[in-house]
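Residue-level structure breakdown
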Amino acid sequence: MGEALRWLLRRCVSLIGVLLLVTLGTSALLELLPGNKAVAILGTSATPEAIKIVEKNLNLDRPFIVRYGIWTERAAQGDLGIGRDGELVSASLKQRIPTSLELMVSAQLLAIALAVGGAIYATKRAGRRADRTLSTAAFGMVALPQFVLGLLFVIYLAGKWKLFPLLTHPTFFSDPIGHLRSIALPVMTLAVPLAGIYYRILRTDLGATMQADFITRARASGLSERRILFNHALRPSSLSLLSVVGLNTAAVLGGAVIVENLFAVPGLGRLLLESVAKRDLVKVQGAVLAIALIYVVVNLFVDVLLQLLDPRVRAATSGSVS
Amino acid sequence: MSPQRTWLKGWGVSGTIAWAWIALIVVAAVAARHLPIDPIRQHLSDALAAPSWSHWFGTNSRGIDIFSLVVDGARTSMIVGIGAILIGLTGGATIGLIAGYFRGWLDRSMLIALDAAAAFPAFAAAVAAVLFWGKSVRNVTLVLGILTIPLFARVMRANTLQYVERDFVRASRMIGAKHRRVLLRELLPNVAVPVLSYSLVGVGLIIAAEGGLSFFGAGVPDSVTTWGQVIASGRSQAERAPHVVLLPALVIFLTILALNKISELVIVRWVSGGVPMPKQKRRSAPDEPSVVLDRPTPSPTARPITDDPEVAVQVEDLHVWLHSPFGVVRAVNGVDLELRRGQMLALVGESGSGKTMLARSLLGLVPTPPLVPDLPGRVLFDGMDLLSWGSKSLQNVRGRKIAMVFQDPMTQLDPVMRVGAQIAEPAMVHLGLSRTLAMRRAVDLLAEVGVPDPERRVRAYAHELSGGLRQRVAIAIALAAEPQVLIADEPTSALDVTVQAQLLDLLQTLRDDRGLSVLFITHDLGVVASRADEVAVMYAGRIVERGTTADVFADPRHPYTRALLGAMPRIDNRSHQRLNTIVGTPPVLLFEQAGCAFAPRCTVAVELCTQRRPMLQAETLLHYVRGANAHDSACWLAHNEVSAVESPVSASD
Ligand code: SF4
């Protein structure tokens, strides 16, 4: 177990590196934005004194790297600063994160479920009509831009056919069904292209695995095709799918801006864009940190899962000898 | 066939349509200014008109013809798409190539940077950047291009890593070629195709992303038209007049679809070396002339099913033909074999002789798409013809009656399942044992096949065991459901000599203790010399010599068998060393040979050999007279017809 712990520790260190790199990058980008920040906040009519005070408060008079150091130190203690509207950044994040997480996790799970179900169904019928139809469908799902898909859902499912509400967002506890209906469209919009990507990855890997020697060996042992697929083929085939799911975390969270905008969902992506538009740099930094943090946690989880699923990775990373 | 026809065939119907669509878009992008379209004039009385003859895609809220807008928008959409990809490709490919080639700390730090890039909300950043730096075609292209760099770096790195370990790259590195030279001359050409194919997908991604930007008012300026912008600006009227959105969306969709399709086909064609993959038979159309034309005729000697208790498996006139991109491969052409109960029969031949296909077809393990169905032949077991069985019914024979061990000790074991569970599985499935009982059985079996410390090894994974142990595990799996017959397909070829000998001893023990009938397949006549009861030598899909091991070794009839024996290192005769490695290669089995298949390599061939094929038959009178042993061979010289007439002088005598 000592090896496993050490591995986990190493992984955590590199993920903290990722966090630092992301926030540093964001700071640098914000630094590059044109114009005086204090002026941007106060407007051009601000007095020089007022500008001085704002600059002092935001440490704008210190060098960039020092400012980043101060921010990191405070962030490590949970203090993400105060936004321009006087709200604690951590407080507004606390409001948005659950919504975003729910959206992201539901979309990912739906996409994975569709992909796994479809890929198994198609692999059983390899080369036949159902397999070809599904692969064409997946091709189409990948080629549909998210804003187009979302717009179609808005026009038809919500607008013309009134199957789903657009503007109401009851909480799960007050109205479970209403809540699920209200997140159905955004979740579907996010999930459809993902499902297409995941399906193609899993179908390809399953196809390759089914050609492997150990599958022929399993057949030679007289195991049923069903058993071979579920007991032997699925697990080694799901590895690359799993890593891609992890890699997509941030893209789904950040890319949800389109969906959040279309369906008026108050999530992290929207917070990010609103803050950008208001030049609320402290909040931007906070939202980016939140997204990166979720990404890091999800990927740690994925890494652990990969280890459990594939003993070869386990051996390679822990350097165990037998 | 004209070059155009082959080209068309290579890309298939969907590929051709995809190319045509992209060509259309490119024409629109290049020549929009010269086409009879009018993306400016407002027909205010005609606002939000549905598609009609005069307005193919209808009009928008200002009465502008949407078709004209879409044609006009192709230009900027394509410029942004291609421009951004060029930026991403140049930057990302350089980074990925260098990281993958030099590896080490460079690669490690790049991996963390890539991770950071993936954790970064890129799309929101793009919106922010365009809003702050100003809406212009240049800024949109630049921002999207920069954000694409990590994607390309990832793809390029993965592809480069595949090649740096290949021989040709290592060789040129070893010779001391300059890094720049290796990178540009050796690596780049090999990774170029997959990465370029990925950039086609990338163009589609960018076109979609640009649309997303327009959605937030962070796209190109209003004076310029792009597809995304046409859709975004129609958003508020979409419910009243869906055509404002639907038709431009369809154009984007089809374009991305076409790009993805072409990208996929580029890879497929590249992987298959430019040869179009053989179309898997769609509906069962009777359009396979090569197969229909010359099926083998069933051998007239086919006997009625006999139930000889001495015979475990009887193979009669077996044919195995396979579809390949180059035509039908005749892997097995009328083989007769008899595996006697409790005996070991060695099937010997070079790779490509068809012995593996023969073994696999006994259990129906050759998948039907390549396998040509309904050829003559029978595999008799327990008085039944296994070849006539479907794969469902065969499941009760596989593992339970006839089990199989394969060549590669590593790949035939499930890499992510403990070996104990793999041994227990057939026992649970076929014998109905509980998991606990089956696991106990697994331990016993491991002990029986000579794995030391079986209690601990049941919990091991394949990669934790040595090659020899893995092969023992594979044998344990095969024995799990108490089969009567074991087919061992070159189980020792990948192992070193001592381990080979140990495994053969094990098989011998199993034969003797369990009364197991073993079909042992090998390319090495030497390993079977002292162990097999009978030997069958296979060449070009046919048995060329067959008899008891003692007889065949004492008096090999067929020149091929003699050559195999000659190629064997001998301990008893030092001066003899490794002589006679057989010159030439076994024939490609795409065509039916007229004469003896061995003739081109045979040192003693006579004229008749290339004209008529010698049958596998027993001794001639001559041998009896000489008092030689009695066994079958397929060589004209072994039959007295020729040897009596024109005895050729063999060079070695
Ligand atoms: S038949 Fe002729 S060619 Fe064939 S093995 Fe005998 S001698 Fe050689």
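Further up the page is the structure itself.
Parameters at a glance
Residues numbered from 1 in each chain as written. Chains lettered and ligands numbered in written order. Predicted model: local features only at pLDDT ≥ 70, side-chain atom pairs only at ≥ 80, totals over all residues. Heavy atoms only, no water. Helix = DSSP H or I, 4+ residues; strand = E, 2+ residues; numbered from the N terminus. Contact = heavy atoms within 4.5 Å. Areas by Shrake-Rupley, 256 points an atom, 1.4 Å probe, with all protein chains shown as cover. Buried < 20%, exposed > 50% of the residue type's maximum accessible area, 1.4 Å probe, protein only. Pairing = 2+ DSSP bridges. Polar contact = N/O pair within 3.5 Å; in protein donor to acceptor, adjacent residues only side chain to side chain. Axes fitted to C-alpha atoms, helices over the stretch in contact; angles between N-to-C directions. Phe/Tyr/Trp six-rings, centres within 6.5 Å; stacked < 30°, edge-to-face > 60°. Lys NZ or Arg CZ within 6 Å of the ring centre and 35° of its normal. Salt bridge = Lys/Arg side-chain N within 4 Å of Asp/Glu carboxyl O. Expected span 1.5 Å × (residues − 1).

1. A closer look at the overall build of chain B
When its secondary structure is counted, chain B shows 22 helices and 11 strands. Partitioning the contacts of chain B with sequence separation of at least 6, the portion at a separation of at least 24 is 67%. Of the roughly 30500 Å² that chain B leaves accessible, carbon and sulfur atoms contribute 59%.

2. Topic: the pairing of strand β8 (residues 517–522) of chain B
Residues and elements named next belong to chain B. Taken across its 6 residues, β8 has 6 buried, putting it largely inside the fold. Judged by which residues are buried, β8 turns out to be covered on both faces: S517, L519 and I521 on one side and V518, F520 and T522 on the other are all buried. Bridge count between strand β3 (residues 344–348) and β8: 5 bridges; the pairing is parallel. Its bridge partner lying in β8, V348 is registered against T522.

3. As for the environment of S237(A)
Residues and elements named next belong to chain A. If you trace the backbone, S237 turns up in helix α10 (residues 225–237). With 43 residues separating them in the primary sequence, S237 and L194 have C-alpha atoms 18 Å apart. At 2.7 Å, the side chain of S237 forms a polar contact with the side chain of T209. Within the structure, S237 has its side chain in polar contact with the backbone oxygen of A233 (distance 2.6 Å).

4. Topic: the sheet that holds strand β2 (residues 327–340) of chain B
Residue and element names in this part refer to chain B. The antiparallel open sheet is built from 4 strands, whose spatial order is β2-β1-β4-β5. Strands with a single pairing partner mark the edges of an open sheet, and in this sheet they are β2 and β5 (384–385). For strand β1 (residues 311–324) and strand β4 (residues 378–381), the ladder comprises 4 bridges, and the chain directions are antiparallel. Of the residues in β4, the one forming a bridge with Q314 is L380. Together, β1, β2 and β4 form the strand contacts of helix α11 (residues 355–362), whose direction differs from that of β1 by roughly 115°.

5. So, the packing of aromatic side chains
Inspection of every chain in the model, using the stated rule, returns 8 aromatic pairs over all chains. Ring centres 6.1 Å apart and planes at 20° place the aromatic pair Y68(A) and W71(A) in the stacked group. One end of the pair, Y68(A), and the other, W71(A), are both in helix α4 (residues 64–76), 3 residues apart, so they sit about a helical turn from each other. For the pair formed by Y68(A) and W71(A), the shared burial category is buried. Seen from their ring centres, Y539(B) and F598(B) are 5.1 Å apart, and the 85° between their planes marks the pair as edge-to-face. One end of the pair, Y539(B), is in strand β9 (residues 534–539); the other, F598(B), is in the loop between α20 (559–566) and α21 (621–626), with 59 residues separating them in the sequence. Of the two residues, Y539(B) and F598(B), both sit in the buried class. Here a set of aromatic residues connected by ring pairs shows up, and it is made of Y539(B), Y560(B) and F598(B). If you follow K261(B) out to its NZ or CZ, it ends over the ring of F139(A), 5.3 Å from the centre. Above the ring of W321(B), the side-chain terminus of R330(B) is found at 4.5 Å from the ring centroid.

6. Some remarks on the sheet that holds strand β10 (residues 542–548) of chain B
Within a sheet, each strand pairs with its neighbour through backbone hydrogen bonds, oriented either parallel or antiparallel. All names here are of chain B. With respect to topology, 7 strands assemble into an open sheet ordered β6-β7-β8-β3-β9-β10-β11, the strand pairing being mixed. Each edge of the open sheet is held by one strand with a lone partner, namely β6 (402–405) and β11 (632–633). In the sheet, β9 pairs with β10 via 6 bridges, with the strands oriented antiparallel. Bridge pairing in β10 links M538 to I543. Sitting on the sheet, α11 is in contact with β3, β6, β7 (485–489), β8 and β9, with an inclination near 150° to β8. Packed on one face of the sheet, α20 meets β3, β9 and β10 and runs near 105° to β9.

7. Some remarks on the interface of chain B and chain A
If you look at the interface, chain B gives 66 residues, while chain A gives 66 residues. Inspection of the chain B/chain A interface yields 2 salt bridges. Taking the shortest distance from any N to any O, the salt bridge between R200(A) and E264(B) comes out at 3.3 Å. Run the count over chain B and chain A and you get 13 residue pairs in polar contact (both at pLDDT 80 or more).

8. Comments concerning helix α3 (residues 104–119) of chain B
Compared with an ideal rise of 1.5 Å per residue, which puts 16 residues at 22 Å, α3(B) spans 23 Å between its outermost C-alpha atoms and is within 8% of the ideal. Burial in α3(B) covers these residues: D107(B), M110(B), L114(B), D115(B), A116(B), A118(B) and A119(B).

9. With respect to the environment of A478(B)
Residue and element names in this part refer to chain B. One can find A478 in helix α16 (residues 467–479). Along the backbone, A478 and V320 are 158 residues apart, and their C-alpha atoms lie at a distance of 24 Å. In this structure, A478 is in contact with G399, A403, M404, V405, P483 and L486, ignoring residues within four places of it in sequence.

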